[in-house]
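Summary of structural features
Now for the letters of each chain:
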Amino acid sequence: MEKIMISGFSDEISADFDEQLKVVSELGMEYISLRSADGKGIAEYTAKEAEEKLLPGLQAAGIRVSSLGSPIGKVGIDDEEGFANQLIQLEELCRIAKVLDCRYIRMFSFYIPEGKDPEDYREKVIEKLAKFDAIAKAHDIVLIHENEKDIYGDRKERCRGILDALGSDHFKAVFDFANFVQCGEDTVECWELLRDQVVYIHIKDAVASDKENVLCGTGEGKIKEILTRAIREEGYEGFLTLEPHLVLFDALQSLEVSDAESIIKENKAKDGAEGYSMQYHALKEILNSIERQD
């Protein structure tokens, strides 16, 4: 287990960056996934701002950054202006990653117009993703594609198609249990299809009946089953990144196409810090259980 590292989207704790670092440190964690800080998304920062406003706090707390939780690719496939802006954003995000000594930038594969067949957009999706990939390669950064709901690459077959077209040392996959559940997928089948390209895992669970997010290990993501297999049998090494989605945190609405309250119908903790801690301890218990199988 020494090569399994726990990280987390710390903006689910609080918008305040100092509070994020305080809670993470108290839990004994050494990494965060940096999605937003002090109410500003990571893609809104410049590398200079990251160096001046984020790096000192991270260094003082002894916390490192596992990934940048960017919004790259979370734009309509036909939004050419939005895409052009994201090409510029990605260049700066790569510089931010270097400043923060971070290897991974999380990204997506575009929203498809409602009512349209995603397969009709495959060529256009791959063409645009290839432009993101070229930027990452130039900066020696690894883009990690998340199977987000409502984007082209939300289902396992389309994720596989993206990875077959672009998978390389600079383009890999994030595996998100809850997102697959919310798309009606069997996560074991998803893992079997994608595991050779997965370098990063999100710890988020959900139930299929109403697509609500729940504490990890209590939903239909089969988190323990898949982690047992990944760690014990297949030698997975790397990050397990908490994404609790147990309370309605400040940045949530901007992350969801649909109403955020459809996935978090009620707070399952008194605040973000408690929800984050609940998810951390639930994951630790799963990992301890896996370890005890020795």
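Here, every reference points to the structure presented above.
To keep things clear, this report deals only with the structure shown in the data block. Values in this document were obtained by computation on a predicted structure and should not be read as measured data. (Residues numbered from 1 in each chain as written. Predicted model: local features only at pLDDT ≥ 70, side-chain atom pairs only at ≥ 80, totals over all residues. Heavy atoms only, no water.)

**Some remarks on the packing of aromatic side chains**
Spelled out, the test is: For this analysis, a ring pair means two rings from Phe, Tyr or Trp (six-membered ring only for Trp) whose centres lie within 6.5 Å, classed as stacked if their planes differ by under 30 degrees, edge-to-face if by over 60, and tilted for the remaining angles. Under the scheme used here, helices are H or I runs from DSSP no shorter than 4 residues and strands are E runs no shorter than 2 residues, and both carry numbers assigned from the N terminus. Only protein chains enter the calculation, and the probe is 1.4 Å; a residue is then buried if its accessible area is under 20% of its type maximum, exposed if over 50%, and partly exposed in between. Note on criteria: charge over ring means Lys NZ or Arg CZ within 6 Å of the ring centre, with the direction from the centre no more than 35 degrees off the ring normal.
According to the stated counting rule, one finds nine aromatic pairs in the structure shown. Seen from their ring centres, Y104 and Y200 are 5.7 Å apart, and the 70 degrees between their planes marks the pair as edge-to-face. Highlighted residues: Y104 in strand β6 (residues 104-107) and Y200 in strand β9 (residues 198-203), separated in sequence by 96 residues. No difference in accessibility class separates Y104 from Y200, as the two residues are buried. When the centroid spacing of 5.2 Å and the interplanar angle of 80 degrees are considered together, the rings of F175 and W191 count as edge-to-face. Within this pair, whereas F175 is found in strand β8 (residues 171-176), its partner W191 is found in helix α7 (residues 187-194), the two being separated by 16 residues in sequence. A cation sits over an aromatic face here: K128 above F110, 5.9 Å from the ring centre. Residue placement shows R158 over the ring face of Y152; its charged tip is 5.7 Å from the ring centre.

**Observations concerning the sheet that holds strand β7 (residues 142-146)**
Keep this limit in mind: When DSSP finds at least two bridges between two strands, those strands are taken to pair. Geometry is summarised by axes, namely lines fitted to C-alpha atoms with helices restricted to the contacting stretch, and by angles between N-to-C directions that run from 0 to 180 degrees.
With parallel pairing, the eight strands of this open sheet are ordered in space as β1-β12-β9-β8-β7-β6-β5-β2. Edge strands, defined here as strands with exactly one partner in the open sheet, are β1 (4-8) and β2 (31-34). Along the sheet, successive strands turn relative to each other by an average axial angle of 30 degrees, direction set aside. As judged from the four bridges shared by β9 and strand β12 (residues 238-242), these two strands associate in the parallel manner. Looking across to β12, one finds that H202 is bridged to T241.

**A look at the packing of α7 against helix α8 (residues 223-233)**
Each pair of packed helices can be summarised by the angle the axes make with each other and by the distance between the axes. Applied cut-off: With respect to orientation, any angle under 35 degrees is reported as roughly parallel, any angle over 145 as roughly antiparallel, any angle of 65 to 115 as roughly perpendicular, and every other angle as oblique. Here a crossing is taken to be left-handed if its near helix is turned anticlockwise relative to the far helix by less than a right angle, and right-handed if that turn runs clockwise. Two residues qualify as a contact provided that any one of their heavy atoms is within 4.5 Å of a heavy atom in the partner residue. The residue classification treats Ala, Val, Leu, Ile, Met, Phe, Trp, Tyr, Cys and Pro as nonpolar and Asp, Glu, Lys and Arg as charged. All others, Gly included, are polar.
Running from N to C, α7 and α8 cross one another at 25 degrees; their axes reach a closest spacing of 10 Å. The orientation of α7 relative to α8 falls into the category roughly parallel. In the crossing of α7 with α8, the sense of the turn from one axis to the other is right-handed. Seen from α7, the contacting residues are T187, V188, W191 and E192; seen from α8, they are E225, I226, R229 and A230. The class makeup of the residues in the contact of α7 with α8 is four nonpolar, one polar and three charged.

**Some details on unusual backbone geometry**
Although it is not a glycine, D140 adopts a positive phi angle of roughly 60 degrees. Since its relative accessible area comes to 55%, D140 is described here as exposed. If you check the backbone angles, H245 has positive phi at about 50 degrees while not being a glycine. Along the chain, H245 falls in the loop between β12 and α9 (252-255).

**A word on helix α3 (residues 80-99)**
Basically, it comes down to this: For a helix, the expected span equals 1.5 Å multiplied by the number of residues minus one. Think of the arc as the fan of directions from the helix axis to the C-beta atoms. Counting of polar contacts relies on pairs of N or O atoms within 3.5 Å, with two restrictions inside protein: one atom must be capable of donating a hydrogen and the other of accepting it, and residues adjacent in sequence are counted only when both atoms are side-chain atoms.
Look at α3: 29 Å from first C-alpha to last across 20 residues, which is about the 28 Å you get at 1.5 Å a residue. Taken together, the buried positions of α3 are G82, F83, Q86, L90, L93, C94, I96 and A97. Axial view of α3: buried residues confined to an arc of 155 degrees, hence all on one face. Across α3 from its buried face, at more than 90 degrees, point the exposed residues E81 and I88. Of the surrounding secondary structure, the elements contacted by the buried residues of α3 are α2 (47-61), β5 (64-69), β6, α4 (122-139) and β7. Between a side-chain oxygen at the N-terminus of α3 and the backbone nitrogen of E81 the separation is 3.4 Å; the capping residue is D79. Backbone geometry just after α3 places D101 at a positive phi near 55 degrees.

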